[in-house]
Every structure is written in structure tokens, then in C-alpha cells.
Amino acid sequence: MFRQTLCGLLLVAASGAQAADTVKIALTGPFSGGSAPMGTSARDGSKLAIAEINAAGGIQVGNKKMKIEIIERDDEAKNERGALIAQELAAMSDLSGVIGTVNTGVCLAGDKHLQEKGITKIICPAAGSASMTQWSKAGVKDNSIFRFAAYDGIQAAMVVEEAINRKFTKVAVVFDSTNYGVSGRDDMLEQIKKQGNKLTVVAQEKFNIGDKDMTAQLLRAKSAGAEAILIWAIGPELAAVSNGEAKIGMKAPLIGGWTLSMSNYIDNAGKNGNGTLMPQTFIEEAITPKAKSFIDGYHKAYKVDRIPSAVAAAQGYDALYILAAAVKQAGSTDTKKIKEALEDLKEPVKGVIATWSHPYTKWDPADVTSHEAFRREQVVMGMVKDGRVVFGNDADRARLIKSATSVTPAKTGKTKKK
Amino acid sequence: MNAQIIGQMAVSGALMGLVYALIAYGFQLTFATSKSINFGQGELVMISAFFSLTLTNLGFPYWAMVPGGLLFGALMGLVVERAGVRLALEQKSEGWILLSIIIGLFFFSAAENIWGRDDRPFPTPISADPIHILGVDVTRLELSVAVGVFAIMGLIELFKRRTLLGKAFEAVSADRDAAELMGISSTRTVMLSYGLSGSVAALAGILVSPITTVGPTMASALILKAFSVAVVAGLDSGFGVVLVGMFLGALESLASFYLGSGWREAPGLILLILALALRPNGVFGKATIRKV
Amino acid sequence: MKRILLLRGAELVVFAFLATIPLLVVNPYALGLLTLLAIYGILLIGLDVTVGYLGQVNLAHVAFLGLGAYAAGLVVTKLGLGMVPALLAATLVGLVLGGLLALPALRLEGPQFALATLSFAALSTTALNELEALTGGAQGLSLSRPPLFGHALTPPLFYWLCMVLLAVVWMLMRNLLASQWGRAFEALRDSPIATDAMGVGTYKHKVAAFALGSSLGGLAGGLYAFNFQYLQPQSFTYDLMIILLLGVVLGGRKSLWGAFVGATVIVLLPNLLSNRLLFQIFSGLGFAGALAAGVQGLVKKTTRPFQALAPVVAMGLLVVGGLFVENTEDWRKAIFALMLFSVVVGLPEGIMGFLALFLAKLFRVPHAPLPEPADLDTMLPIRPADGSALLVLADLKRYFGGVKAVDGLSMTVRAGTIHGLIGPNGSGKSTVVNVISGLYTPTAGTMQLRGATLPIGSLYSVAQAGVARTFQNLQLFGELTALENVLVALKGVYRNPLPMVLLGLARREERTAQAQALALLELIGLREQALVKAKDLTYGAQRFLEIARALARKPDLLILDEPAAGLAHPDVLQQIEFIQRIHQRGITIILIEHHMDVVSELCDTVTVLDGGRIIAEGTPDEVKRHPKVVEAYLGQPPQPELPGGAEPLPA
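Residues numbered from 1 in each chain as written. Chains lettered and ligands numbered in written order. Predicted model: local features only at pLDDT ≥ 70, side-chain atom pairs only at ≥ 80, totals over all residues.

On a plain count of helices and strands, chain A comes out with 14 helices and 15 strands. The C-alpha radius of gyration computed for chain A amounts to 21 Å, which stays within 12% of the reference 22 Å derived for 418 residues, consistent with globular compactness. In terms of overall dimensions, chain A has C-alpha extents of about 65 × 55 × 45 Å along its principal axes. Across the 418 residues in chain A, those meeting the buried criterion constitute 61%. For chain A, the share of sequence-separated contacts (at least 6 apart) that also reach a separation of at least 24 residues comes to 75%. (Helix = DSSP H or I, 4+ residues; strand = E, 2+ residues; numbered from the N terminus. Rg over C-alpha atoms; globule rule 2.2 N^0.38 Å. Buried ≥ 20, exposed ≤ 12 C-beta atoms within 10 Å, placed from the backbone. Contact = placed C-beta atoms within 7 Å.)

This part is about helix H6 (residues 152-165) of chain A. Residues and elements named next belong to chain A. With 14 residues, H6 ought to run about 20 Å at 1.5 Å a step, and its terminal C-alpha atoms sit 19 Å apart, in line with that. Counting buried residues in H6 gives eleven out of 14 residues, a clear majority hidden from the surface. Each element contacted by the buried residues of H6 is listed here: strand S7 (170-176), helix H7 (179-194), strand S9 (228-232), strand S10 (254-256), strand S11 (277-280) and strand S14 (380-385). (Expected span 1.5 Å × (residues − 1).)

Residues and elements named next belong to chain B. Positionally, Glu-43 belongs in helix H2 (residues 41-57). Using a count of 28 C-beta atoms within 10 Å as the deciding quantity, one classes Glu-43 as buried. For the pair Glu-43 and Thr-189, spaced 146 residues apart in the sequence, the C-alpha separation amounts to 23 Å.

Moving on, we come to the interface of chain B and chain A. Counting residues at the interface gives 27 residues for chain B, matched by 30 residues for chain A. Contributing elements (two or more residues each) for the side of chain B that touches chain A: helix H1 (2-34), strand S2 (136-139), helix H8 (186-212), helix H9 (220-233) and helix H10 (240-258) of chain B. A total of five residues in the side of chain B that touches chain A trace back to one element, the largest contributor, which is H1 of chain B. Tallied by class, the residues present in the side of chain B that touches chain A amount to nine nonpolar, twelve polar and six charged. (Nonpolar A, V, L, I, M, F, W, Y, C, P; charged D, E, K, R; others polar.)

Turning our eyes to something else, we now look at the domain arrangement of chain A. Residue and element names in this part refer to chain A. By domain assignment, chain A separates into domain 1 (2-150 + 284-375) and domain 2 (153-280). On a C-alpha basis, the centroid separation for the pair domain 1 and domain 2 is 30 Å. Going through the elements one at a time, helix H4 (104-117) and helix H12 (310-330) are the ones with two or more residues in the side of domain 1 that touches domain 2. Each residue belonging to the side of domain 1 that touches domain 2 can be placed in one class, and the counts come to eight nonpolar, eight polar and one charged. (Domains from an automatic or database assignment.)

Before going further, it helps to spend a moment on the pairing of strand S4 (residues 403-414) of chain C. All names here are of chain C. Two strands pair when backbone bridges link them, and strand S3 (residues 389-400) and S4 are joined in this way by nine bridges, in the antiparallel orientation. Looking at S4, one finds that Tyr-399 is bridged to Lys-404. What sits between S3 and S4 in their antiparallel hairpin is a turn of two residues, with Gly-401 showing a positive phi close to 60°. (Pairing = 2+ DSSP bridges.)

Residues and elements named next belong to chain C. Read across the open sheet, the six strands follow the order S8-S9-S10-S5-S11-S12; overall the sheet is mixed. Because the sheet does not close on itself, it has two edges, and the strands there are strand S8 (467-469) and strand S12 (613-618). Sheet twist, expressed as the mean angle between neighbouring strand axes with direction ignored, is 20°. Judged from the five bridges that link them, strand S11 (residues 605-610) and S12 form a sheet pairing that is antiparallel. Across the sheet, residue Asp-610 finds its bridge partner in S12, namely Arg-613. Against the sheet, helix H18 (residues 429-437) touches strand S5 (418-422), S8, strand S9 (557-561), strand S10 (588-592) and S11, its axis set at about 145° to S9. (Axes fitted to C-alpha atoms, helices over the stretch in contact; angles between N-to-C directions.)

This part is about the confidence of the model for chain C. Residue and element names in this part refer to chain C. Taken over all residues, the pLDDT of chain C has a mean of 86, while the share at 70 or more is 96%. At the low end of the mean pLDDT range in chain C sits helix H16 (residues 350-363), at 77; at the high end sits helix H3 (residues 61-77), at 95. Throughout residues 641-651 the model reports pLDDT below 50, and contacts reaching past four residues in sequence, or to other chains, amount to 15 contacts. For this predicted complex, the interface confidence score (ipTM) comes to 0.88, while the overall pTM stands at 0.86. (pLDDT = per-residue confidence, 0-100.)

The next subject is the interface of chain C and chain B. Every contact between the two is made by 41 residues of chain C and, on the other side, 34 residues of chain B. Of all the elements in the fold, those that place two or more residues in the side of chain C that touches chain B are helix H5 (110-130), helix H11 (238-251), helix H14 (305-324) and helix H15 (332-346) of chain C. Taken together, the residues of the side of chain C that touches chain B sort by class into 28 nonpolar, nine polar and four charged.

Residues and elements named next belong to chain A. One open sheet holds the six strands; their spatial order is S2-S3-S1-S4-S5-S6, and the pairing between them is mixed. Where the open sheet ends on each side, the last strands, each with one partner, are strand S2 (59-61) and strand S6 (145-147). Going across the sheet, the axis of each strand differs from the next one's by a mean of 30°, ignoring polarity. Summarising the sheet, strand S1 (residues 22-29) and strand S4 (residues 95-100) pair through five bridges and their orientation is parallel.

Structure representation (C-alpha cells):
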């Protein structure tokens, strides 16, 4: 007992005493368990970027080039682990930044420790609204937490918009019983109200993680006359919904959160998944040379022929480049200076999703989008077609190619609010 | 419409319940000979399914993949017996509970790293298109589960009754000490039971994977229900698990339809506690007279 | 004195060390881990009550952690109350719900108990998730740490609060578990039937143990809520439960220190394993340790080959795997599993069980000295043998389905006599005893003890009415010492209420009890072996101990069920002498016996049963010559010359 405690204390002490000739960046997320496909994809996307940067000699910090050192922590999608990891990271004196977290609950449990110490964190790819709104609710004046993901507010708006555009009037809202699913339901319901109550919610159905038989939920939706299913859930249970529809001969298309683009949905739903729509920030299609090199690079480095979660991987990749740009601009590994640089990035960052120009602005408690990188413009509707995600409409495709090659319009402060 | 929905719910639920029953049957096999069960049985279901998937991907046809998967399951069952159960049984301690959990944890982590963390489809020649029977939609896949479950349980019961080895199995189940005196090695019989139980788990994996997909966490929800079925039916109830499994499956389906999907499991759980309080040895279990 | 100094000293040193940490280290991470350690310490001490002392696999503990956490959280957020009421509410929720759950779970054991508790845990997660209006459902409940007596609780202050609570729980539990309560819990684990038959009451104690353990779970939950300040129902699921269970077993069951060590391991290990260097050090050390222990075990032949080799293989796998695997973070669970496997196989008594043995040897900690035996005449005064009717059975029947095990039995046992009950196998003797002692409910008939109706169908009530019994198949509390076996049954000494026991103010009566128990052990010649575990006694000694334990009930009627079964001849003679000694104290005895010599030597009256009916009654000599008796035993009419007296009849 003593030995272990002592070792732990020594370790903690030792980690503070190391010479600072590297840029220390922590990558966190669930690397085992149900959310692991997203967690590992985001991590591996970031690691790919790190490998590229390190191969080029590192980041130019002041007058010397410094390589990036990775600190990896598996939060197992558990809040408790997330809180402990955040405490551990918060105690590291020479940490430059943190990228990661898939589960909104983990953000809620852990990020306060980082925020207290002013450690810069880019949340990626957790999209639940609460992870940023907690700071505006608390009214913090200075916030070191950023997000690099199409947050649920944007996504829910797009989902509802899409359903209205497709002339549906009766919809079923289906969600899983996790924080992600439930807050997605709230966002969708709010958006339906906001967009003029053009949709009638005829059924609200919930399922648990691990449920594979959705007959009950679907039968209720069917008998209530739902024409489309607005869905918010993590993971393979989504496929069970599509397959369940096929079984009971229901034809309502699924429209929902970006997780519908994950391979565990597409593969497992097979042809039943055709026509499913979801907002996307990245589609695993080599539409630009940058995207091609990223996709090929990922496949080669991790010996896969498809990225488990392309969206998470691409976001992890871009988030790291943005953080690296901030380190460079700050000319320091000091996390507080990096935060300031992030809030005012001078040079556009060429990412795989887009070219990011001024993604963040100074934190404004009244407007969470000051620390949100994604705007409606960077998100498109993707559609499942024969086992792949393709663009829901071609105009989006053209727009994305344009945004990836040219510079995204600089942010003008409080343009959009959730 | 209403009667049809109830029918649909009950049938879908009951067919899922058969999978619970099959895994529960695996619990019974080892409990009969050794009074122990493998708390990591879900991980056996999972790794056997992954292994079978690999066989399929290597180009083995379905009929060759199934025995391969069963063999692998049996092998893993033997690993659990040797590493986790035997010592504890020799020492008459309850260490097997923890050791089987720990071995399951190891299998879980190994599978995550060998096969990946993602859920994947499991190809099968059996069609997933629904067929319409008496106003109820059933897929051929679901029917194949029923066929598979009854086939393997029937085979094992035949084996226990008709072969010499099977009779040794029955003898050890009935009275371990007496069987030992008759020259039957109880250690080997326990091994046999774990091997069979592993095969049963593997078959459960192969049957259920096309419906639920294969992934490291695929069995975590299944296993708790299978455990409930085994205990409520009685750990020595034989085919009782089939009835209880189908009942629980149907009940869950109906509960989620009428009470709302979040409360899906609640009636089953409450019934379970009540059933146990009233009949501690299970609904179909043999009541024992306390002797001193 | 040395013992007290060592034990209390160790506690004091550790707690003092832990208390000064915030003054020395300002690292919030280390402090966070230590706070969690204190919380888990309380949690595991609670779990140990059911898992260690009651010996049941309790899978509901995590639910009490969750319910306690939510209770505290809701008291703060919805009712706006402070820290103290919140923690009280958390504890109370655990206490009440734990007690309620114990009611249906009461009859269950083993897998059934595990399942019932598991279902409860699943139900409570469902409820927390679904009652969105109250708990916030899956979106969780955010709360802030309220001040305590006007002081804002900074991390060090909160840590101290947790430590103080752990210390308080530690002391209360130490007192409780060392008292009659703790012994009763353990007795329950080893033999619920004997526990009831000794008038201890499985019902009360099982509910108490469960409620108590659960209330600690609730308290830990309250602290958990204020530690993390954000709650979600899915934090409290099966996964965490398994980790907690492993913690208790790893640390060592039935030990406060064990719970503490277990908490340390489960809190620190996952965090420490994240570091590659530390992982290599740990696996290297583990491998070396396993190898050394394994080789030593094999050479000295103290362990089985598997037990020696398996940990070496597992740790070897860890070392070799560590060289090949690029990313240890990916393999965390497998690493955890291999380490746990090695400990569970290599140290079945847990880390603390192993260390306790080792330390006890190292420091030669003696057992606390025992008092002088009490005076037998004061504690068990000689009763007059007036020959009045003590137990009257009238037309007693007990059927099992179609089998008439006892079929219309009427019998009177007179005060101060030894009443023999004999008969061939299957004649119904044991059933009669089991009906009288309350294990079976009679199908028909009446039973009266000193003119009052004897309670039926409850071992506990019959025992309370003044009947004590022994068991043909020994039902000792194997893990308890001989002394403790007697103490569990001891009647009329323990009077202090629970709060006094908890506060450690019941030491005086404990001494009195020990003195009385020693007197009884002396009566049957086991005083020297008072501190030997019952399972380690010789078979003969175990039989004697059963009698001493029954005698501790200070009974009006003592039922001895085949006290000489399986005994060697010298032991039989010894046993006869002991029974005579007891008889001299005026205690009425019903003796079921096969050995005819024992019966003839001891009994005043003998009743012979066959097929559930009385076929003869009288003095031993009369009965022995009774033609029906001879026929029942030998299956043929009586021979004129029957060897009398000393030879046992074939049975």
C-alpha cells in the first residue's frame, strides 16, 4: 500500500520535473468499450497529424523546433475515470493542451478541473450541447475549453430542416438512454418548435445500449403513423433500428446525428441503411488531395481499409493542427498563452475538413459559439448509399471542395446562436 | 391491430428469449457437474463469434465454419476450467466466481485488440427477409435461432442419455462422491461439461451474431438475462430454461411496448426477485428438503 | 499489551500519515486519488460485511452507492439543505433500502442471492434513468459541494472530511465486528441452520448485516456525489460492481485493512498503469515476486504446482507482452486481468490475509489473554430433577408426500432424565428431533414444554423457548474458533444495546462471556484449544464442541443427535463421561443414538421407533429384551440368549 502510494506520488512529482524540450499534448477518450470506435479514431487521427508534424521536425516554438510528446489516457467512457484523468492532467505543470473526449458526461465530470487550472482543451468529437453550455450557464469569464465538433445544436437544426424539406409531417423521435441520446432528443424537440412546429412528433421512443430488438419501439411509431424517424444514439443499436424496420415492413427513413455515418451502423444495417441521412463534417471520399492523403495515411498507419469513424478521425486530425498552429503562434508551450493564441489565430490552418480561418474568438459567456469551431457551412448532409456515406446533395459536395481549398470566411463574432 | 401487435411482440421477444435460454443452458451444464458457473460466459460467446467470423472471412463455407466455431468455444471453455475453476473447486472455495470474471476480462481485452473495438456484421447464408405467418412477421434468421437452439440442446441431452461418457456425466451430476467411488473421474467430467458449455456458448454466438452483429460488447446485455433465466428456471431445470427464456423475452417486448421502452426490463426484474423469494431453487428447480 | 500497541499503533500511524498528506503535497491529482481512496475505503468496508462476513456475493452494493449519491445530490439541489443532512439522507437511504432488499433475498444463497441483488441493482439504475423529472435522467445531475458548518470545503478540507468519516466508520465497525454481532454474521455464513438453532436469529442478523453494509454504501455514495459533483445513472453499473468485488477479495475478506488495501489497489492501479515505465517496473517486480514465491512453494511443497506456476506464467506473459505491445493503454484491461489473476490464484486469502500472517510471524503478535473460566455452578446452577413432565408430545405426525416419517407419536420426557430415542435407520428418529427443534413443521399433533405449547416450524423460536440441540452431521461454525463457537450461542450475557457495542463500551460483558464460554470448554476438555478454528479441530473434539455450544444456551432440554456417531472407542467413552457430567447439572437430555452401549450406560428411559411409530418404551434393559425391538433390529424373532449390555446392536 505504502509502496504504491509512494510510487504514485513520486511519479506525479517526477512528471513535473522533466526538462521541457517537447510540446506535451494529452489525448483522451474511450479506447475500450462501446464508444471506443469513436475514441480510437479521434486519437489515431490526432496521432497521424502528430506523426506528420514530428517527421517534419516538430513545431516551431519561438526560435527552436520542438517535437510533440503524447500523453494518452483511456477514460473508458466513464465519468469517474474522466474526472480522475482530468485531475491528473490538471496537475501536470508543463502540459500544453488536451484533445479528446467522446462522451458528454465525461466532459461534464472532468473539464471543470482543467478549466480551473486554465488548461487548454479542445473537445473532440463529443457533440452534446451541455459540454459547452455548462460554461455559459456558470457564467465563467475566461474559458480554456474549446470544441472541435459539429455540436448537436447545429446538427439537430439540420436534421429537423431536412425532415421539413422532404415534406414529412409526422415523425417519431427515437433516442438511446445515454446522455448523448437524451440531450439530442431535447435539441431536436427544441428545433422543431423553433422551426415553426411544422413537424408533429407522434412517438417518442427510447432504447438502452445493447438493445438489439427494436420491434416494440418501431411498432409504436408505425401504428402512430410516423413517416420519418429522427434518431439520436451512439453505436450499433442504430443498425438494429434499420433492420427492425425492414422486418416489420416499415419504410420511414432515418434522419439523425452524425453517428449514423459510423461503420458499425453502415455495415450492420447493410441495404436496410440506404437512404439514411445525417449531418457530416467529413466524408471518407478522396474529394481533395488533402483528403486523399489523410485517408490513405490513416489506412496505412493503422492497417485498416476503412476508418471506424471517419468524422472523428478527421476532426482529431484537424484539431491537432489547429492546436499546433496556436502553439506556434504563442511561441510558447505555456497552455495559457496557447489559449490566447487559439482565441485569435492569425494564420488559416489547412485541415482535411476545411481550411480553418479564425475558428475561435474570445470567450463570451453569452455565446458559446465563440469557442465552437464549426459553423453550419462546414457541415453537410450525408446519405448512406450501398455501404458508403455519400453527399446527400451534390451542391454540398461542390461547396465542401471549395471550402477545403479556399479560406473559410472569418468569424464575425455573434453571428449564430443556438 | 392490437392482437396482431401483441402477437408480433410476443413472438419476436420469445425468439430472442431462446438465445437467453441457450446461454442459460450452458450455465446448467457446468453447474450440474461442479456447482460452479462461468461468470465470463458472455466473453466466450463473444470471442467464439469473432473466431467464427474470422473463419468465414478466410473463406470457410458456413457448414465448415460452424463446427470450427464450436470447437474453438469448447477449447476456450477448457481454458476457463483449467485456469479458473479447477483449483477453486479442489480447495472448495468460491474463488471460481472471481477467476472466471477475471478470465472473461482478459478475453474481452484480447478481443478488443485482436479484432477491433467496432461492431461488425456477421455474414450468413440465411436470409433476413421477413416471412408472414398468421399476421406475424418473422425472419428466417430468427427461425434459424430456434432450430439451432433446439438442435444442440436435443443433441446434448441425447448424448447424456445414450452414451457411456454421457452417463458418466449424469452420474457425477447426481452424486459426485458416489461417482468417484465407481471409478468415474469427476475432474474429467467437469472438463467435459466446461467444454460442452463452451460449445453451447459458441453456438449462441454464431446464431445471434447475424441479428445483433459481432463486437466486444455484444454479449454483455445478453449474459445478464441468460443468468436470470438460468436461476429463475432453476440451475438444474433442464428444458425449463426454454420456457422461462421465451417467457422473459416476450415479457420484455410487451413491457417495452406498453410501459415505454425505458422500463423494458423492470417487470422482468421484479418478477425475478419475487420468483426467487418464493421458489429459491427456481420455478422448475427441484425443491430440496433441509437435512441436518 | 504488545498486541494492542501494535494493532492500534499501526492504525494510528497510517491515519496520521494520511491526514498530513495535504500539508506536504499540494498536488491536486494525488489529493483527488486519496479522497477517492477514503470514499472507496468506506464503500468496501460496507461491502465486506456482506461478502466477507455473510459470505454472499452481493451485487447490489453499487446500487446503494448510486442511490446514496443521488439522495445526497437531491437533498442539496432540490431541498437546498446542507452537507450534514445530505450525508445523513444518503446513509439512511442505504439503511432502509438495504433492509428492504434483505427481506426477499433472505432465503437465498449463492447464485440465487447474487441474482436477486443484481436485479435490484439493474432496477435502481433503470429508476434513476427513467425518473427524469427528479434525477435528470441520463443527462445527469450537477451539484456543488455545500459548505460544512459555514466553511467552504476546499479539496484538502473535503479530503479530511472523508478521512475523518473513514476513521469513524473504521472504529465503529471494528467494535461491531469484534462483538457478538460480527460473530453472528460469520456464524450465519458457516451454518444458517445452526445459527437459528442456537437462538441467534438468522433473520434479524441477515437484515442487520445487509442494512448496515448498504448504509455504508449510501454514505460512500453521498461523499462520491460531493467529490465528483456530477452524477449519471450509468456510473453505477455492473462494471463498477465487479471492480468493487475484486477489490474486497484482493484486499482480503473479513478485514478492515483488507478493504482499505483493496480500495487502494482499485483506485491507484488503473491510474498507475497508464504510465509505461511504471507498468514495466510493476510487471517486473510482479514476475520476480511470483517466481520467488512459486519456487519456494514448489520446493517446500506448500502450494500445489498450479498455484505456484499460474502466477508465474501470467506475470511472465505480462513482461513478454509488454515488450511487444506498442500501446499498453490499449491493453489496460488485459493487464489488469493478468495481475488480478496472479493475486487471486497466488494469494487466496487476499493481500492482507497474506500480509497479516507474515506480519504476525514477524512481530509475534500474541492473542489477547483470556480471562479465567467462570464458576460453572453460578452460570449453570444445578437444577432439581423432580421427574415432572418436561416435554409432552401427543399424536405427532410428519409426512413427506406419501412417506409417513413420523406417524402418531406420543411421548413424555421427564425433567432431569436422559431419554433415549432409538430405532433402525429410517425409523423416524431424526425427523422427530427435527420437528421438536423446529426445522420441520409437524403435519399434525401437539408439543408442550413445561405445559406451554412449543413454537413450531422455527428453529429460532424453539431455541428461545429453551431447547438446544446438536447435529448428527456437524454444523459447527468452521471459520470461528472453538471459543467463538460457544460465544455465539451464549445466552444471558449480552445485554448492551447496539449503540454501546458500536462505541466499544461493551468490553466488560465480552470478558464475562469469555469466562463463561471457557468454563464450558473446560467442562468438555477443550480449554487448551479455545483459540483453534473449529474446522481445524479433530473430529472427536468437534463432536464435543457441538455439545459445549448447545450447553451455552443454558437449556431446559438438550437434544443430542447421535453424539457418538463416527467416534473412535476412546472418544466414545469420553463422550459418555461428558454427557454424565451435564446430566449431573440437572439438564434434561434427549439422546438419539445407535451405540447400544451408550444408550444402556446413560439412559433412564428409552423409546424405540420403527416406521414412525413407537414399538417399545421402558428402561434400557426392558427395551432390549422386547421382542419387537429385537425383530426390528435383527429382522427375526428373539433368540433366547442375547448378549446384553456392552455390545452395540447392529444397525
